[in-house]
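# Close look at the chain arrangement
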Amino acid sequence: MSDEPITVLMVNEYPDYIDAQVWAAELKSRVPQLEFRLWPDAGDKSDIDVVLIDKGASPGFFEP
């Protein structure tokens, strides 16, 4: 596995049911070089490698 950072952005439209902090902790325990971001704090979007998005996001969500 590379030492390069892997940036994950999570879009969580259901915070009452999906605990983003649990996801972040579990992913980081398996991928130490992971940088976890939670929408809307996306930071530099060109850094993002993976987006975790739930079905609650509207079509065209990422177009702007």
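Parameters and conventions
Residues numbered from 1 in each chain as written. Predicted model: local features only at pLDDT ≥ 70, side-chain atom pairs only at ≥ 80, totals over all residues. Heavy atoms only, no water. Helix = DSSP H or I, 4+ residues; strand = E, 2+ residues; numbered from the N terminus. Buried < 20%, exposed > 50% of the residue type's maximum accessible area, 1.4 Å probe, protein only. Contact = heavy atoms within 4.5 Å. Areas by Shrake-Rupley, 256 points an atom, 1.4 Å probe, with all protein chains shown as cover. Lys, Arg positive; Asp, Glu negative; His and termini not counted. Charge placed at Lys NZ, Arg CZ, Asp CG, Glu CD. Salt bridge = Lys/Arg side-chain N within 4 Å of Asp/Glu carboxyl O. Pairing = 2+ DSSP bridges. Axes fitted to C-alpha atoms, helices over the stretch in contact; angles between N-to-C directions.

Moving on to the overall build of the protein. Of the regular secondary structure elements, the protein holds one helix and three strands. Overall, the protein shows an N-to-C arrangement of helices and strands of β-α-β-β. Expressed along its principal axes, the backbone C-alpha trace of the protein runs to roughly 35 × 25 × 15 Å. Burial statistics for the protein: of 64 residues in total, 27% are counted as buried. Across the protein, contacts joining residues at least 24 apart in sequence account for 71% of those joining residues at least 6 apart. Only carbon and sulfur atoms are counted for the fraction: they give 53% of the accessible area of the protein, which is about 4,800 Å². For the protein, the separation between the mean place of its 5 positive charges and that of its 13 negative charges on side chains is 3 Å.

Another point: the pattern of salt bridges. Within the structure shown, the criterion is met by three salt bridges. We note a salt bridge from Arg30 to Glu26, for which the minimum N-O separation is 2.7 Å. Here the residue Arg30 and the residue Glu26 both occupy positions in helix H1 (residues 20-30), the gap between them amounting to four residues, near one helical turn. Between Arg37 and Glu35 there is a salt bridge, and its shortest N-O distance comes to 2.8 Å. Accessibility expressed as a relative area gives 36% for Glu35, which makes it partly exposed. One network of salt bridges, with partners in common, ties together Glu35, Arg37 and Asp47.

If you trace the three strands from one edge of the open sheet to the other, you get S2-S1-S3, paired in parallel fashion. Of all strands in the sheet, those bounded by a partner on one side alone are strand S2 (34-38) and strand S3 (50-53). Direction aside, neighbouring strands of the sheet carry axes that sit 20° apart on average. Each of strand S1 (6-11), S2 and S3 touches H1; the most contacted strand, S2, lies at about 170° to it.

On to unusual backbone geometry. Look at the link from Trp39 to Pro40: it is a cis peptide, with omega at 15°. As for its position among the elements, Pro40 is in the loop between S2 and S3.

Within the secondary structure, Gly56 is located in the segment after S3. Separated by 43 residues in sequence, Gly56 and Glu13 place their C-alpha atoms 5.9 Å apart. Gly56 has contacts with Glu13 and Tyr14, leaving out every residue within four places of it along the chain.

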